[in-house]
Amino acid sequence: MSDADLDAVLPLSRSLLHLLMALQEGERHGYAVMKWVEDHTGGVVRMGPGTLYTTIQRAETLGLVVESRDRPPSDEDQRQRKYYDVTPLGLAALTAEVERLGAFVDRARAALSRGR
Amino acid sequence: MTGRGGGWGDRVYRGALYLYPRAFRARFGPGLVELFRARRSEARHEGWAGRLRFWGETVVDLMRAVPDAWRQAWAARESNENPWEVVMDGVRQDLGFAVRTLSRSPGFTALAVLTLAVGIGSTSAIFGVVNSVLLRPLPYGDPDRVVTLWSSWRGFEKTWLSESEAQAYSSMTDSFEGVAVWGGTNVNFSSPDNPERVSGALATHDLDEVLGFEMAAGRFFTEEEGLEAEVGPAESIVISHEAWLRRYGADPATVGRRVEVNGRAREIVGVLPEGFRLPTDFGTATVSDVYFPMALPREVPSSFSQGGGSHFLFGAARLKPGVTVEAARADVGRVVDRLRAEFGAYPPERAFEPIVLAAQDDIVGSLRPAVLALLGTVVFVLLIACANVANLHLARARARTSELAVRAALGAERRRIVRQLLTESAVLAGVGGTLGLGLAWAGVEIFRRLDPGTLPRVGDVRIDAAVVAFSVAATVGTVILFGVGPAFQAVGPGLRHRMGGRSGSGTSRWQGALVAFEMALAVVLVVGAGLMVRTFDHLTTIDAGFDGSRVLSLAVSLPTTTYTTPEEMLTFHREALRAMGELPGVEAVSAARILPLASQIGDWGVSLEGYEPAPGLPMNGDWQIAAPGYFEVMGIPLVRGRTLEPGDDERGGMVVVVNEAFARHFWPDGSDPVGRRMAMNTGADEPTWMTIVGVVGDVTHNGLTAEIKRKFYVPLGQWNAASGGGRPNSMRYVARTAGNPATAAAPIRSLIRSMDPTLAVAEVRTVADIKAAAVSQPRFTVVLMGAFSLVAVLLAVIGIYGVVSYGVTRRVREIGVRMALGAQGHTVVGLLLRRGAAMVVAGLLAGTVAAVLLSRFLSSLLYEVRPTDPATYVTVVAGFAAVAAAATWIPARRAARIDPVRALKAE
């Protein structure tokens, strides 16, 4: 993975950011991603099915996410469900994006405190 | 996690998934539905507000995600491969498979391809005719604005204009940019090395602007040249492109050259564009080659004569932009009304009407019904071909049931199988269409050979881009017609369970229906052809009133520059006729001004001595000049009195012979006209009385079915005196021969040349050919409709035979069982015949009804046959029933000979 690969995917869209955040905790299926995003944004962000899967497809195309072959034993009965996992590039992109957002937030805070 | 399956919401959402690209739907469809259901069951707990919010979110989600999914799909294709290539790969794969499949059943493939080739080929060839004759614009600039001008009188449906009429239409109307006129004439190119008699025309200087053409070289006439030619000999001529090629090898130095035409040296000032024809030159084999200038009087004459002047001109006009033909017609009508009011012209009994026609309608309008009837015929042939191939497909699909079932079981999508079957149809149609285009090309070549030269624009028929486009469209159409039905039938319900099994009787019902449909179409065509045959039969048995077998005719026109007096002309004609009569094999010779059925004849006002005409009785008759012996050579019977004799010359007493129509017209009580005296109205103070010495039989002149008009025959030697100074310079010689009249042509030509090397002999043909040419258009229609109907019958019979024969093959085992159980051969034959008979009877009934409904469109082509002529229908239906019975009986007979033991072992 090079900086060039990262530059090609950054900055991440909000949907991609949410998807990668949900997956960095471990592989998940679509419904779980949806619930995770809803729970971690206090129900403010609700991804519809179409939005979720077009985001997954884009993330796959960009190499940020792969469909996972492993699945937890508890979910053996749901064979048709697809699980998704974040790739090293995805993780790096997420890290870089969070860094960028963090820096932006710091600058924004500083600016606001000076201004008041 | 899934909610209860089904429910309308579920179905709506599943349907909405089809908005996504296929790949996306295939991959994420189950996930999408799962999430949708999960969300919906959550929303259910929140009551109406929750459900509303849920559906709102779902719609917003779709609106956001569907375009995104498509954007991604297109982006992926662009980065990976050309989407066109993806499609083409699939097509290539299907094509390869189709070719392999088809080549495994060569019999089916060959039959299907040939059938389609015949269907597409005949349709394309006739479309070529429609295109050239009816659709392709005339070779004029902005041809929709060109109209032709004619006159109509009692007894003349469509005839010439006079100079003063043309002038009036030009100066007193508002609709025309210009009016040009022309008249026909004959021309001798009198160079001694290459004398040639050609058609010529006198034309006004604005012909080029009115018709809209650019000269190939030089210029057209000036107004001054026209005016000068009215008072003296024309110094300038314009020649056709064909004459330029033929006589001068397209030499650019031809313009400005002086050549001898009609005995006088004249300058060629221009060459007309290639393919140019006068509107009156379309229905003739001979195109005007030499043009002389002429001019119209500058003003409408202050006194307009009752009859409008002498009528010898053709007219055309260019409409002002935005003026319709109807408006121009009304405009010309108003002019005629003014002429009636101001000058008392056109008394009502003459029934004069001006005619204004769109040039296109005028030139090809008469062919339109025949050409459209032909187009209808070949479309039917194409439909029959499609039905036949569809039938073959159905039979084959049945044989392939197992193959298709295996493919379906192995996971082939239904859509994929349909696509494959359609590809096979497309390959068949493509090959058939290509072959068909070849057939069309050959057909058009044959067609041009058939063209007698009297049908407008038929000589121009060719295969061009429009015809190729039509063939392609016909090919695509046939794929849809014969391919789609069987393809969907093949993948119908239960496909996967048909492996190794046999389907029910559904398919054979379809096949029976298709055969009945073909039969019906074929019956319609054969009825149409039958009506045309009867029409043609009636036309050819019309008694033209003259025999003319073994008679050769030729035209000789003496230039008035060399033969300046009537006496010189008479001397030449008499010497030529005498010498011709002495040629070996020539039995008798004579001459006349014009020959019946060869050209139109016009009338001349007459007076009868001591005759009190009934009010409104037209006092005129068609005028003919005849040499002694004319009636005998032409086989026109004498009814009363005597015919013309050698003594009826300039020294003898003035005589005239009239026809029966003339006698009936003036003496309806049947009293004998022989001995009475008549005179031609010449404007002289004293009439030149001629004694009527004989009455001869009527002959059809202006067309086989045209009204036979009163006519009088003035002796050649007395023409000058009778007509008040007319000169008999142009005559048609007729020679009856002992053997084939065509063999007399060469000796007669060399005889005339030996008498005057500058004279050209023209229109050399037998009188039998002239008669045949009079039925050329009906013959053309009858030959083509007959040929196509035969093709249709052949295809329909192949269809019946195929279905019955296939039914026998399929039921070999059943028949074997029946026969093993004691059924007799004839019982089996009867069983199969009954099945065939049902199709045939249904087809015949439907076809007869359709023919009754459709045949009225032929009525304008028919002569003395009603569109519902019972004899034709009965003959056609009986003939069809017989042919169909044979086509059914042959395979049924085969079934009766089946050996039960072998039949039972067969499967």
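The rules we used
- Residues numbered from 1 in each chain as written.
- Chains lettered and ligands numbered in written order.
- Predicted model: local features only at pLDDT ≥ 70, side-chain atom pairs only at ≥ 80, totals over all residues.
- pLDDT = per-residue confidence, 0-100.
- Contact = placed C-beta atoms within 7 Å.
- Core = buried A, V, L, I, M, F, W, Y, C linked by C-beta atoms within 7 Å.
- Buried ≥ 20, exposed ≤ 12 C-beta atoms within 10 Å, placed from the backbone.
- Helix = DSSP H or I, 4+ residues; strand = E, 2+ residues; numbered from the N terminus.
- Domains from an automatic or database assignment.
- Pairing = 2+ DSSP bridges.
- Axes fitted to C-alpha atoms, helices over the stretch in contact; angles between N-to-C directions.
- Parallel < 35°, antiparallel > 145°, perpendicular 65-115°, else oblique.
- Nonpolar A, V, L, I, M, F, W, Y, C, P; charged D, E, K, R; others polar.

### Quick look at the confidence of the model for chain B
Residues and elements named next belong to chain B.
Then, in step 1: Averaged over every residue, the pLDDT of chain B is 84; the share at 70 or more is 94%.
Then, in step 2: Within the model, pLDDT remains below 50 along residues 1-5, and this stretch shows nine contacts once partners closer than five positions in the same chain are excluded.
Then, in step 3: Under a pLDDT of 50 for its full length, residues 500-507 has, in the predicted model, seven contacts with residues more than four places off or in other chains.
Then, in step 4: At the level of chain-chain contacts, confidence expressed as ipTM amounts to 0.87, with global pTM at 0.65.

### So, the nonpolar core
In a soluble, globular protein the nonpolar side chains are often hidden away together inside.
Residues and elements named next belong to chain B.
Then, in step 1: Counting 174 residues, the largest nonpolar core has Ile384, Val523 and Ala792 as its most contacted members.
Then, in step 2: Among the elements that take part in this core, helix α12 (residues 368-399) stands out by supplying 18 residues, more than any other.
Then, in step 3: Composition of this core by domain shows at least three residues from each of domain 2 (155-350) and domain 4 (774-907).
Then, in step 4: Contacts of Ala792, omitting those with residues within four sequence positions, involve Phe380, Val381, Ile384, Leu521, Ala522 and Leu525.
Then, in step 5: With 67 residues, the next largest nonpolar core counts Phe546, Val606, Val655 and Val693 among its residues.

### Points about the environment of B:Ile363
Residues and elements named next belong to chain B.
Then, in step 1: When you line up the elements, Ile363 lands in helix α11 (residues 359-364).
Then, in step 2: Placed 83 residues apart in sequence, Ile363 and Thr280 show a C-alpha to C-alpha distance of 7.7 Å.
Then, in step 3: Apart from the residues lying within four places of it in its own chain, the contact partners of Ile363 are Leu138, Pro279, Phe282 and Pro456.

### Looking at the sheet that holds strand β2 (residues 65-68) of chain A
Whenever strands of a sheet pair, they do so through backbone hydrogen bonds, lying parallel or antiparallel.
Residue and element names in this part refer to chain A.
Then, in step 1: Taken in spatial order, the three strands of this open sheet run β1-β3-β2, and their pairing is antiparallel. Two strands in the sheet have a free side with no partner beyond their single neighbour: β1 (28-29) and β2.
Then, in step 2: In this sheet, strand β3 (residues 83-86) lies alongside β2 in antiparallel orientation, the contact comprising four bridges. Directly across from Val66, in β3, lies its bridge partner Asp85.
Then, in step 3: Contacting β1, β2 and β3, helix α2 (residues 14-24) runs over the sheet at an angle of about 95 degrees to β3.

### Some thoughts on the packing of α2(A) against helix α4 (residues 49-62) of chain A
Residue and element names in this part refer to chain A.
Then, in step 1: For the pair α2 and α4, the least separation of the axes is 10 Å and the interaxial angle reads 80 degrees. Considering the angle they form, α2 stands roughly perpendicular to α4. Note on element contacts: α4 touches α2 through Thr51, Thr55, Ile56, Arg58 and Ala59, opposite Ser15, Leu16 and Leu19.
Then, in step 2: Taken together, the residues of the contact of α2 with α4 break down into four nonpolar, three polar and one charged.

### Focus on the pairing of strand β10 (residues 290-294) of chain B
All names here are of chain B.
Then, in step 1: Where burial is concerned, most of β10 is hidden: five out of the five residues are buried.
Then, in step 2: Burial along β10 is two-sided: Val290, Phe292 and Met294 and Tyr291 and Pro293, pointing in opposite directions, are all buried.
Then, in step 3: Sheet topology note: the strand β7 (residues 236-239)/β10 ladder contains two bridges and is antiparallel. Its bridge partner lying in β10, Ile239 is registered against Val290.

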